[in-house]
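So the chains spell out like this:
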Amino acid sequence: MGLPALPAAVLAASALVLGAVAGPVSAREADRSETPVPSGSPVTDVSESAVRVRVPLPASAGPHPETCDWLSYLRFRHKDGPAESARADRILVAQPGILEGAGAFDSVARNTVSAAAKSGRHIEFWALDRRSNCLEDPTGLQAGLKAKDAHLAVDYYYRQKEVDGRRFAGYQSNDQVRWLQNVGLEQTVRDQYDLMVHELPDQAARKRTMLCGGHSLGGVLTGFFAKWDFDGNRSTTDDAGYNQCSGYFALDTRISTGLPGMDGQIPQEWVPLVQFGAGAVQAGLDTGVIPRALSAPAVVNTETMNLLGVAGLAAGLDPGGLSDLATYVPSGFNQDMTYRLLFSKDYPTFLKGSPTVKDFRFSNAAALGGLLDDNSQPLAFMQASVGFWDGGKIVDKEFPAPNNLDALGLGGLSALLGKDKKAIPDEPGGPLFTWRNYDRVGAPDDPGHTSKDGTPFTSAGKEVTDIAELARSLSEHPLDFTEHYFPTKMVTDIALAGSPGIADDAVHEGGIAANPILNLEAGDGLGSRDPQPGDVIAPGYQHLDVLTASAVQNGGGPEPISTNLAAFAVR
């Protein structure tokens, strides 16, 4: 949970990078650039680069920006490993979840590569960025990161100020992203195949070296990829998806063609017109009646996804400083309603609109924690375990749902809202509320905030992600953590995969079973509702924690997701 149009200066430097890394540029490399990404990660033995490969969209996609004819990924490798991917011991190729970009894999990629190196094996981790991320503009975030000034990013995105001679063109409207109505399941799995073939042309080498997988929706996309026939000749199998990979990995998901925990189906109410069939859905996309990019009035839309990056930038630059995110960002419906939804204590507060988030004093780290922590963020698929509020009075957050769901017979809502009780500061105009990081929960100076029923809101065993690392992942990468323009057609295609013309090439029914699978599930996440023999279950983890958890956990133990993924890769 970016944009592939890298700044001109970065692209200009890429030719030098290629020369240094791989020698003279061959014909195959003429449509490829690779640019080092500086990092403040504490995992210092892993190198990162942003790779772009020119793979033009078909003419049937319709008019689109030229930059969208490129595919991008973040390449993570050990600093002592081979410069050429073809010489790596293994390559993990990862599809992001819904509303996620390549940057979301930062921590798990670094931790996995580093863990494998400890056993003497040099692996790579390729975090894919879906094609639609070409519509994002990282200029403001990158400029703010370089200048160490979060206001610069706000000025660019919200105050119409130029950065390096460039002015933000605004968020793309439904009419401006018309071409996304043709970018769904088929294009996405083909993009992955084409990129893998471009980067490792020899099929036998791909089959021997590559592991395919993903997070959340990425597990479903990997399931379809495994079954897909890419050359149009079903009697040949060298091109089949399952023959591009030696195994699969699932991060709080399943390698399947249906969503886990939902009987393989997407609820009809999630997908406009889906009950009327594929023809009606495509007509809705073609006319714009169905939004071409997944969006909601607040919390989940293009603008709020970008706002998460700005919040991460501020928290990374000055975690203890007073946040002015709610005041320096000009007022607007999306951000105002998002704050109201996320920072209302109860229904009366939400309905009155008072007190507002502007009535509280938060540190930059606390503002980010309030947006994404599992004791604050109400949507389970956007939750991480990054610590807890600190600095003042904390009470139960009873909006949008009460904390005693089980007692009310509403325990089923935990699939949507998560399993942990929500909490919120309750002193408007009071002290500066700060953030207690994951590794300080349960420390001697922890006041141990409790819910109204007397039970603790959290404990050290349920906190796993360093908020500083989350902040860095949200703001550091040229291909960012969030996905601003997720194609609605991706969801409708999965919902209607059995309809003619949607997944006609997913013909290799044994594709998923053809390779070994490692399921890595969050103990409190979306994949934990249906545990299977052999699953690796990380206790206390939320849906995002399988991507963001710290390399060193509370108690000093290693991070279990990356440790087991590294062992799977090198076995």
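Anything mentioned here points back to the structure above.
The rules behind the values
Residues numbered from 1 in each chain as written. Predicted model: local features only at pLDDT ≥ 70, side-chain atom pairs only at ≥ 80, totals over all residues. Heavy atoms only, no water. Pairing = 2+ DSSP bridges. Helix = DSSP H or I, 4+ residues; strand = E, 2+ residues; numbered from the N terminus. Axes fitted to C-alpha atoms, helices over the stretch in contact; angles between N-to-C directions. Expected span 1.5 Å × (residues − 1). Buried < 20%, exposed > 50% of the residue type's maximum accessible area, 1.4 Å probe, protein only. Arc of directions from axis to C-beta. Contact = heavy atoms within 4.5 Å.

### Describing the sheet that holds strand β14 (residues 536-538)
Backbone-to-backbone hydrogen bonds pair the strands of a sheet. The strands run either parallel or antiparallel.
Alright, step 1. Read from one edge to the other, the open sheet built from nine strands follows the order β1-β2-β3-β5-β4-β6-β7-β13-β14, with strand pairing classed as mixed. Both outer strands of the open sheet, β1 (32-36) and β14, are each paired with one neighbouring strand and no more. Here the strands of the sheet are splayed against their neighbours by 20 degrees on average, with no regard to which way each runs.
Alright, step 2. Bridging between strand β7 (residues 247-251) and strand β13 (residues 517-522) involves four bridges; their strand directions are parallel. In the sheet register, A250 faces β13, and the bridge partner there is N519.

### Overview of helix α5 (residues 185-199)
Alright, step 1. With 15 residues, α5 extends 22 Å between its outermost C-alpha atoms, agreeing within 8% with the 21 Å of an ideal straight helix rising 1.5 Å per residue.
Alright, step 2. Most of α5 is tucked away: eleven of the 15 residues are buried.
Alright, step 3. Restricting attention to buried positions, one finds in α5 the residues L185, Q187, T188, V189, D191, Q192, Y193, L195, M196, H198 and E199.

### Describing helix α8 (residues 278-287)
Because an α-helix completes one turn every 3.6 residues, residues spaced three or four positions apart along the sequence face the same direction.
Alright, step 1. All buried positions along α8 are accounted for by A278, V281, G284 and L285. One side of α8 holds all its buried residues, which, seen down the axis, span an arc of 125 degrees. Set apart from the buried face of α8 by more than 90 degrees, the exposed residues are G279 and T287.
Alright, step 2. Residues of α8 that are buried make contact with α16 (488-495).
Alright, step 3. Directly beyond the C-terminal end of α8, a positive phi value near 90 degrees is found at G288.

### With respect to the sheet that holds strand β9 (residues 387-390)
Alright, step 1. Read from one edge to the other, the open sheet built from three strands follows the order β8-β12-β9, with strand pairing classed as mixed. Of all the strands in the sheet, the pair left with one neighbour each is β8 (361-362) and β9.
Alright, step 2. As paired strands, β8 and strand β12 (residues 432-437) are joined by two bridges and run parallel to one another. From the neighbouring strand, R361 faces β12, where its bridge partner is L432.
Alright, step 3. In this fold helix α13 (residues 364-372) packs onto β8, β9 and β12, with an angle of close to 70 degrees to the strand it touches most, β12.

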